[in-house]
Amino acid sequence: MDVLYFAWVRERIGLPREKVETEAATVAALVEELRAREDRYAAAFEDLSALRVAVDQELTDFDAPLAGVREVAFFPPMTGG
Amino acid sequence: MDVLYFAWVRERIGLPREKVETEAATVAALVEELRAREDRYAAAFEDLSALRVAVDQELTDFDAPLAGVREVAFFPPMTGG
Amino acid sequence: MRVVVQEAPFDFGAEAAGFAAGRHDMGAVVTFTGIVRDLQGGGLEAMEIEHYPGMTEKALEKIAKEAVERWALGDVLVIHRHGRMEPGEQIMMVATAAPHRKDAFEAAEFLMDYLKSRAPFWKKEFSAESRAWVAARDEDEDALRRW
Amino acid sequence: MRVVVQEAPFDFGAEAAGFAAGRHDMGAVVTFTGIVRDLQGGGLEAMEIEHYPGMTEKALEKIAKEAVERWALGDVLVIHRHGRMEPGEQIMMVATAAPHRKDAFEAAEFLMDYLKSRAPFWKKEFSAESRAWVAARDEDEDALRRW
């Protein structure tokens, strides 16, 4: 699965995207796995209320299932316009 | 005093402006004088609720006083924009 | 603040692009353009707009000044034509510039609501079958009450 | 309906003038332009806008389609840039055309409210002293609730 990071999430983790092999059933479970990897992930995912998630390029919630998903993206609240 | 007519008020009366000598104290009194003149005035001023009035180029009401006034205009509700 | 009343067409693209150009303190620009709309089913040959020279300019300036007083605006533009126009032609435009979008939007809607019912313009529609003064709409008068 | 995501500047005047041009059934056109605003007291060197290629286009198209479904619109245009911009540069624009002004205004505000908080763009401000991601504002999230 492709995992993408944007804005300060990308800066904290230090890369814009990576391939992740996971059996996580939900976004929240994936976040737990990532947090456990290294401090920079723990720092990026410290406060989930400050984060948003998109699954296959659709905004969703952290309890969204990951079965069949190709792409998950994490980022702060958007500031377009 | 100059009296001006616009849109269908102008069309009914048949002229865009005229000089009127009057002792009328208010717009309403002026309207009574005009109505009494001829049928075309009576037709134009038949329904005051369908008319608006400006005194010296400011929108006002039919009970506005005319002392010192140079210009009175009668017209239907405006349709700008 | 600029208020223009004229018979000639105006260049909407150039006016829109030039408005608030070079300002670094305005985050939001809103424009509204009013266009001659054909009758339902077509057939409108022209619209003629009559106005009250002198009062028109005063009324538009008063409305623009009130917008500047009520919202945090950097600039306001009002252009309104009179005379004969064909379907698709631009009748008028307003533009507002503000640091934030809420002020720019609200001020533009305020300008339009007031201009519709308080600026001395009257529209007459000409078709092969008829010529008729456009009636003021109750909802336009109602729209004023929110301000 | 046209949705454009690009790094290059766009020509606001030409886009505004070309939008809904030649239509005889639209009485109202509203445009909104977002502009890079300097910091209070000045000093902003540049703004950089990051986006999510692929999702950005989808999100903007979804928002535009929803506007077309909810209001009586003749056309919608959304242009949004990404990359580096300086104070005074145009970031984005929306335009709406409708028979009546209420629909054009409401749809433009709806588009802006959704685009602010639901399209995947992130702004970073660069000055001599600092570089900082622009924080989302609670009032922008609140603005969505009215629709």
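No experiment lies behind these values; they were computed from the predicted model shown.

Student: Can you help me understand the overall build of chain A in this one?
Tutor: Counting its secondary structure elements, chain A contains three helices and five strands. Here the C-alpha radius of gyration of chain A, 12 Å, is about what a compact globule of 81 residues would show, namely 12 Å. The C-alpha extent of chain A, read off along each of the three principal axes, is 30 × 30 × 20 Å. For chain A, the proportion of its 81 residues judged to be buried stands at 48%. Of the contacts formed within chain A by residues at least 6 apart in sequence, a portion of 51% connects residues at least 24 apart. Surface accessibility of chain A: about 3,900 Å² in total, with carbon and sulfur atoms responsible for 48%.

Student: I'm lost on the pattern of salt bridges in this one. Help?
Tutor: In a structure, side chains of opposite charge can pair up when their charged atoms sit close to one another. Enumeration according to the criterion identifies 44 salt bridges over all chains in this entry. Among the salt bridges present, the one from arginine 81 of chain C reaches glutamate 89 of chain C, with a minimum N-O distance of 2.9 Å. Linking arginine 70 of chain D and glutamate 66 of chain D is a salt bridge whose minimum nitrogen-to-oxygen distance equals 3.6 Å. Note that arginine 70 of chain D and glutamate 66 of chain D are positioned in helix α2 (residues 55–70) at a spacing of four residues, about one turn of the helix. Judged by relative accessible area, glutamate 66 of chain D falls into the partly exposed class, the value being 29%. In this structure, a network of salt bridges that share partners links the residues Arg101 of chain C together with Glu109, Asp113, Arg137, Glu139, Asp140 and Arg146 of chain D.

Student: Mind showing me how you'd approach the interface of chain D and chain C here?
Tutor: By a widespread convention, an interface's size corresponds to the accessible area lost as its parts come together. With 34 residues of chain D at the interface, the matching set in chain C holds 34 residues. Here chain D meets chain C over a buried area of about 2,800 Å², counting both sides, of which 55% is carbon and sulfur. Per-residue buried area on chain D facing chain C is highest for Arg37, Arg101 and Phe105 of chain D; these three make up 25% of the total on that side. Here chain D is connected to chain C by four salt bridges. For arginine 101 of chain C, the salt bridge goes to aspartate 140 of chain D, with nearest N and O atoms at 2.9 Å. Summed over the shared surface of chain D and chain C, the number is 15 residue pairs in polar contact (both at pLDDT 80 or more). For the side of chain D that touches chain C, the elements supplying multiple residues, two or more each, are α1 (12–18), β2 (28–35), α3 (101–118) and α4 (138–143) of chain D. The element contributing the most residues to the side of chain D that touches chain C is β2 of chain D, with eight residues. Partitioned by chemical class, the residues of the side of chain D that touches chain C number 16 nonpolar, eight polar and 10 charged. When strand β2 (residues 28–35) of chain C meets β2 of chain D, the two strands line up antiparallel, connected through seven bridges. Counterpart to valine 29 of chain C in the pairing with β2 of chain D is threonine 33 of chain D.

Student: What am I meant to see in the relation of the copies chain D and chain C here?
Tutor: In this arrangement, two copies of a chain are superimposed by a rotation about an axis accompanied by a shift along the axis. Here chain D sits on chain C after a turn of 180° about the axis and a move of 0.0 Å along it, with an RMSD of 0.0 Å. Such a combination of rotation and displacement between the chain copies is what one expects of a two-fold axis. Judged by C-alpha distance, glycine 13 of chain D is the residue of chain D that lies nearest the rotation axis, at 2.0 Å. The residues that chain D uses at the interface reappear at the interface of chain C in 100% of cases, marking a shared surface.

About the criteria used
Residues numbered from 1 in each chain as written. Chains lettered and ligands numbered in written order. Predicted model: local features only at pLDDT ≥ 70, side-chain atom pairs only at ≥ 80, totals over all residues. Heavy atoms only, no water. Helix = DSSP H or I, 4+ residues; strand = E, 2+ residues; numbered from the N terminus. Rg over C-alpha atoms; globule rule 2.2 N^0.38 Å. Buried < 20%, exposed > 50% of the residue type's maximum accessible area, 1.4 Å probe, protein only. Contact = heavy atoms within 4.5 Å. Areas by Shrake-Rupley, 256 points an atom, 1.4 Å probe, with all protein chains shown as cover. Salt bridge = Lys/Arg side-chain N within 4 Å of Asp/Glu carboxyl O. Buried area = accessible area lost by both parts, 1.4 Å probe. Polar contact = N/O pair within 3.5 Å; in protein donor to acceptor, adjacent residues only side chain to side chain. Nonpolar A, V, L, I, M, F, W, Y, C, P; charged D, E, K, R; others polar. Pairing = 2+ DSSP bridges. Least-squares fit on C-alpha atoms with pLDDT ≥ 70 in both.

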